[in-house]
Amino acid sequence: MAEIYQRDVNLEDYDPDLLIELYKTMVKIRSFDENLIRLMQEGKVSGFYHSGIGSEGLSAGSITKLLRDEDYIYYNHRGCNQKIAKGVPLSKIYGDFLGTIEGTTKGLGAGIVHSADPSRGVLGQAGTIGSQLSLAVGSAFASQMKGTDQVTIVYFGDGAASRETMHGSLNWAKLYNLPVIYICENNEYAISCHVSETHGVKAHIADWSEGYGIPNCVVDGNDVLLMHEVTKEAIERAKKGRGPTFIEAQTFRHRGHFEGDPYDYIDKAVLQDWKDNRDPIKNFKKQLINSGLTTEDHLINLGKQVEEEILQAIEIAENAPMPERNRIYEGLFA
Amino acid sequence: MRQITMREALNEALHEEMERDESTVLFGEDVAKFGGINKVTQGLYEKYGAPRVYDTPIAEATIVGAAVGMAITGHARPIPELQFGDFASIAFDEIFNKMGKWRFMHGGQMEMPITLRLPVGIAGGAGPEHSQSPQALFMHGPGLQIVVPSTPYDAKGLLKTSIRDNNAVLFFEHKLLYDMKGDVPEEEYLIPFGKADIKREGEDLTIIATALQVQTSLEAAEELSNQGVEAEVIDPRTLAPLDMETILNSVRKTGRVLIVHEESKTGGSGAEIAAQIQEEALFDLEAPIKRIGSPDVPIAQSIHLEQFYRPNAQQIINAVNEIIDVPV
Ligand SMILES: Cc1ncc(C[n+]2csc(CCOP(=O)(O)OP(=O)(O)O)c2C)c(N)n1
């Protein structure tokens with residue numbers, strides 16, 4: 001059965017810059033999301049949005065200062081968490097939601113999925129969740145064939161893990177010993193269904209990968225430093241030619257599946273517990289302050305800087321024009 | 001007569017048929033407790049419970065494959081749902097080759113009483129993989145019946161017929177029609193397959209339209225009537241089987257034809273309908289057949305651009321005027 005990943009993490013062992021960067025990335029992700037929801041409420045953005053609030057630690061931990069631009073990611077359909085951690089400019093992501101030509105799609109609009117930034121290793125995403133699992137082994141195969149030490153990380157939800165593509169992908173990853181890392185964002189629900197209602201597993205989704213002989217574990221995805229550690233190990237394994245890793249990261253969504261979802265199918269007390277006691281940002285902030293590394297005031301200031309950066313990005317995105325009608329006829333072929 | 005929405009009409013049909021036949025089994029993603037993402041299956045889980053109503057894993061190929069496996073035992077009448085009709089692509093083999101051909105391939109020894117519900121259409125910025133209308137792909141596949149209702153009345157009667165039918169049915173529901181209200185009698189009724197409905201009578205030209213475009217065409221026809229042009233609007237209601245008789249009778253009367261659908265134009269269902277019209281009634285035509293479909297490019301996510309895909313009443317009016325202007 002999958003190991004529950006535990007490590008003693010002492011903040012003193014880390015470069016303070018890394019710690020601050022992790023915190024800042026999480027705050028940026030959350031602020032981005034909150035402001036996007038505001039734009040939605042103002043009627044500027046379509047309601048097809050799945051908020052990523054509550055799971056920022058998983059993305060910041062697995063990407064920030066670990067992945068290089070040349071490493072590939074396939075992000076999932078919840079929030080813009082991984083795209084932001086990978087450094088896609090905020091104005092470009094907002095542009096994709098607002099449909100202005102500032103967006104990565106130059107005005108086609110992208111919503112959560114379909115933003116892409118190949119220069120930063122962000123290769124796009126499928127609207128059919130879980131389809132990225134097949135693409136990921138292809139990208140990893142291409143790196144291996146070329147002889148680079150690039151790694152590919154593929155993110156997907158617990159629900160997406162039940163797609164048939166999961167098994168096709170795991171088989172390839174093991175068979176060809178590919179430099180690919182699976183990060184299953186297990187927030188327990190796929191729309192209204194609890195993971196226990198839709199998955200036949202020993203105990204964890206990660207146990208599936210065990211059957212393929214792929215190293216795997218279950219980790220607290222809301223502990224940003226644990227996420228950092230577990231992903232660092234997986235990246236080293238991939239770079240040394242030792243093949244894939246499967247990480248099941250536990251988290252919970254603070255909001256419904258989509259904006260407007262009554263979210264009445266969950267136990268309110270459970271949600272409250274995640275918000276009060278397992279919020280990745282709140283907890284890391286406490287750790288940072290308790291360690292004496294920084295002060296509350298400093299972090300508040302940092303939050304303000306981030307907010308400023310977000311508002312500027314929105315302004316750039318909003319001020320860019322909408323595309324002309326003939327935009328839809330451009331770019332089908334190279 | 002009482003007016004209900006298409007969502008309610010579909011829901012009533014499901015309730016009535018599940019009550020009537022204990023071998024019906026309804027499944028898909030979030031269709032049970034949640035009542036479906038479009039709320040079409042509400043109340044069924046509460047009434048019939050598992051195993052007759054259940055939520056599946058997110059695995060479209062397995063959903064349809066399992067439906068086939070259930071159906072061919074002769075013990076079950078599956079009514080699976082895919083959350084978006086676009087995901088038929090994920091289950092393409094299961095639909096195209098298994099639902100459509102299993103019976104024939106095995107010498108006709110089994111039946112395929114499956115009604116696969118597929119919500120389709122452009123609706124509010126859902127993007128290229130959640131907005132398509134893939135009906136025509138399946139006209140090319142033998143063994144599949146294709147139902148495309150445009151009103152609450154048709155939706156209810158056709159869904160009841162689909163569930164009772166012993167052959168495979170793909171049931172396409174345009175998402176923008178779910179909230180549309182219309183007359184639906186309290187009494188039970190069924191609508192046969194292969195029977196087009198003349199939604200509006202007219203002498204000057206024939207508009208053949210499906211799904212949401214029936215409504216758009218009726219709107220355009222009212223406006224055209226003010227200009228003195230009387231359009232006949234025909235809804236085939238099932239693309240397979242296709243009621244060419246009703247269509248040809250109208251074409252022979254009017255001599256002018258416009259076909260309108262939200263499916264992209266090239267290879268859309270209108271291409272097949274136009275081809276059949278010219279095979280049977282070329283010399284009754286007084287003008288070339290025109291088609292309106294969405295552009296042959298992926299559907300942009302942007303709501304601003306989305307408007308340029310869905311055919312609108314003005315486009316229909318303009319096309320009709322061009323057809324009418326062709327001198328006899
Ligand atoms: C192939 C496919 N099936 C269904 C959907 C509709 N859908 C979108 S998100 C979602 C639930 C996904 O759950 P999970 O993977 O656990 O991620 P979460 O939303 O919980 O983050 C579903 C069913 C889809 N987009 N693609």
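Keep in mind that what you see is a predicted model, and the values were worked out from it rather than measured.

Q: So what's going on with the overall build of chain A? Which residues, and what values?
A: A tally of helices and strands in chain A yields twelve helices and eight strands. Here chain A has a C-alpha radius of gyration of 19 Å; the compact-globule value for 334 residues is 20 Å, and the two agree. Principal-axis analysis of the C-alpha atoms places the extent of chain A at approximately 55 × 50 × 40 Å. Across chain A, contacts joining residues at least 24 apart in sequence account for 76% of those joining residues at least 6 apart.

Q: How would you sum up the packing of helix H5 (residues 132–146) of chain A against helix H6 (residues 165–175) of chain A? Please name residues and give values.
A: Describing two packed helices takes the angle between their axes plus the distance from one axis to the other. Residues and elements named next belong to chain A. Where H5 meets H6, the closest approach of the two axes is 8 Å, and the angle between their N-to-C directions is 15°. When the interaxial angle is binned, H5 and H6 end up roughly parallel. Considering only the axes of H5 and H6, their crossing is left-handed. When H5 is examined against H6, the residues Leu 133, Ser 134 and Val 137 are found in contact with a partner set consisting of Thr 165, Met 166, Ser 169, Trp 172 and Ala 173. Here the contact of H5 with H6 is built from residues that sort into five nonpolar, three polar and no charged.

Q: Describe the interface of chain A and chain B, naming the residues involved and giving the relevant values.
A: Counting residues at the interface gives 35 residues for chain A, matched by 34 residues for chain B. Between chain A and chain B, roughly 2600 Å² of surface is buried when both sides are summed, and carbon and sulfur atoms account for 65% of that area. Three residues, Phe 48, Glu 164 and Ile 328 of chain A, lead the burial of chain A against chain B; their summed loss comes to 21% of the area buried on that side. Glu 197 of chain A is paired through a salt bridge with Lys 33 of chain B; the nearest N and O atoms lie 2.5 Å apart. Our enumeration of links across chain A and chain B arrives at eleven residue pairs in polar contact (both at pLDDT 80 or more). Residue composition of the side of chain A that touches chain B, grouped by class: 16 nonpolar, twelve polar and seven charged.

Q: Quick one: what's the story with the UniProt feature "domain: Transketolase-like pyrimidine-binding" (unreviewed entry) in chain B, residue by residue and with numbers?
A: As recorded in UniProt, the feature "domain: Transketolase-like pyrimidine-binding" (unreviewed entry) lies at residues 4–180 of chain B. Spanning residues 4–180 of chain B, this segment combines 36% helix with 17% strand, and its end C-alpha atoms are found 8 Å apart.

Q: Kindly report on the site of the ligand, identifying the contributing residues and their values.
A: In the vicinity of the ligand lie 23 residues, with Arg 78, Gly 159, Ala 160 and Tyr 189 of chain A together with Glu 60 of chain B positioned nearest. The contact in question runs from an oxygen atom of the ligand to an N or O atom on the backbone of Tyr 189 of chain A, over 2.6 Å. Here the shell around the ligand is built from residues that sort into eight nonpolar, nine polar and six charged.

Q: Account for the sheet that holds strand S3 (residues 152–157) of chain A, with residues named and values stated.
A: Residues and elements named next belong to chain A. Taken together, the six strands give an open sheet; going across it, the order is S1-S7-S8-S4-S3-S2, and neighbouring strands pair in parallel fashion. The two strands at the open ends of the sheet, each matched to only one other strand, are strand S1 (3–4) and strand S2 (72–74). Across six bridges, S3 lies against strand S4 (residues 180–186) in parallel orientation. When the bridges of S4 are listed, Ile 153 appears paired with Ile 181.

Q: Tell me what's going on with the UniProt feature "domain: Dehydrogenase E1 component" (unreviewed entry) in chain A, and back it up with residues and numbers.
A: Following the UniProt record, the feature "domain: Dehydrogenase E1 component" (unreviewed entry) maps to residues 25–324 of chain A here. Strand forms 10% of residues 25–324 of chain A and helix 45%; the C-alpha atoms that close the span are 35 Å apart.

Q: With reference to specific residues and values, describe the packing of helix H4 (residues 90–98) of chain A against helix H12 (residues 296–319) of chain A.
A: Residue and element names in this part refer to chain A. Packing of H4 against H12 brings their axes to within 8 Å, and their N-to-C directions diverge by 50°. When the interaxial angle is binned, H4 and H12 end up oblique. The handedness of the crossing between H4 and H12 is right-handed. Residue-level contacts link Leu 90, Ser 91, Tyr 94, Gly 95 and Leu 98 of H4 to Glu 309, Ile 310, Ala 313, Ile 314, Ile 316, Ala 317 and Glu 318 of H12. For the contact of H4 with H12, the class distribution of residues is eight nonpolar, two polar and two charged.

Q: Describe in detail the environment of Ala 76 of chain B, supporting the description with residues and values.
A: Residues and elements named next belong to chain B. Mapped onto the elements, Ala 76 comes out in the loop between helix H3 (60–71) and strand S4 (77–81). Note: C-alpha distance between Ala 76 and Ile 114 (38 residues apart in sequence) is 9.0 Å. Excluding residues that lie within four positions of it along the chain, Ala 76 makes contacts with Ser 23, Val 25, Met 70, Ala 71 and Pro 113.

Q: Could you give me a rundown of the domain arrangement of chain B, with the residues and numbers involved?
A: All names here are of chain B. Partitioning chain B into domains gives domain 1 (3–183) and domain 2 (197–324). The C-alpha centroid of domain 2 is placed 26 Å from the C-alpha centroid of domain 1. Each side of the interface is counted separately: domain 1 has 28 residues, and domain 2 has 26 residues. Here domain 1 meets domain 2 over a buried area of about 2200 Å², counting both sides, of which 63% is carbon and sulfur. For domain 1, the biggest contributors to the area lost against domain 2 are Ile 122, Met 139 and Val 148; these three give 28% of the whole. For the pair domain 1 and domain 2, the interface holds two salt bridges. The closest approach of N and O atoms between Asp 154 and Arg 237, which form a salt bridge, is 3.0 Å. Inspection of the region where domain 1 meets domain 2 yields 13 residue pairs in polar contact (both at pLDDT 80 or more).

Q: Tell me about the sheet that holds strand S14 (residues 290–294) of chain B, and please be specific about residues and values.
A: All names here are of chain B. Spatial ordering of the open sheet is given by S9-S11-S10-S13-S14, a layout of five strands whose pairing is mixed. Taken across any chain shown, the strands that pair with only one partner, and hence form the sheet edges, are strand S9 (197–200) and S14. Direction aside, the axes of adjacent strands within the sheet are offset by 25° on average. The pairing of strand S10 (residues 205–209) with strand S11 (residues 231–235) spans four bridges and is classified as parallel. The residue of S11 that forms the bridge with Thr 206 is Glu 232.

Q: Can you tell me about the packing of aromatic side chains, naming the residues and giving the values?
A: Enumeration according to the criterion identifies 19 aromatic pairs over all chains in this entry. With a centroid separation of 5.2 Å and 80° between ring planes, the pair formed by Trp 172 of chain A and Tyr 176 of chain A is classed as edge-to-face. For Tyr 176 of chain A, a relative accessible area of 33% gives the class partly exposed. Of the aromatic side chains, those joined through ring pairs into one cluster are Tyr 189, Phe 252, Tyr 263, Tyr 265 and Trp 274 of chain A together with Phe 34 of chain B.

Q: I'd like a rundown of the side chain of Ser 55 of chain A, residues and numbers included.
A: Residues and elements named next belong to chain A. Its place among the elements puts Ser 55 in the loop between helix H1 (16–41) and helix H2 (56–63). Of the polar contacts made by the side chain of Ser 55, one reaches the side chain of Thr 251; its length is 2.9 Å. With sequence-adjacent residues up to four places away left out, Ser 55 is seen in contact with Asn 81, Glu 185, Asn 222, Thr 251 and Phe 252.

Cut-offs applied
- Residues numbered from 1 in each chain as written.
- Chains lettered and ligands numbered in written order.
- Predicted model: local features only at pLDDT ≥ 70, side-chain atom pairs only at ≥ 80, totals over all residues.
- Heavy atoms only, no water.
- Helix = DSSP H or I, 4+ residues; strand = E, 2+ residues; numbered from the N terminus.
- Rg over C-alpha atoms; globule rule 2.2 N^0.38 Å.
- Contact = heavy atoms within 4.5 Å.
- Axes fitted to C-alpha atoms, helices over the stretch in contact; angles between N-to-C directions.
- Parallel < 35°, antiparallel > 145°, perpendicular 65-115°, else oblique.
- Left-handed = near helix turned anticlockwise from the far one by under 90°.
- Nonpolar A, V, L, I, M, F, W, Y, C, P; charged D, E, K, R; others polar.
- Buried area = accessible area lost by both parts, 1.4 Å probe.
- Salt bridge = Lys/Arg side-chain N within 4 Å of Asp/Glu carboxyl O.
- Polar contact = N/O pair within 3.5 Å; in protein donor to acceptor, adjacent residues only side chain to side chain.
- UniProt positions renumbered as here; feature names shortened; annotations may be inferred.
- Near = heavy atom within 4 Å.
- Pairing = 2+ DSSP bridges.
- Domains from an automatic or database assignment.
- Phe/Tyr/Trp six-rings, centres within 6.5 Å; stacked < 30°, edge-to-face > 60°.
- Buried < 20%, exposed > 50% of the residue type's maximum accessible area, 1.4 Å probe, protein only.

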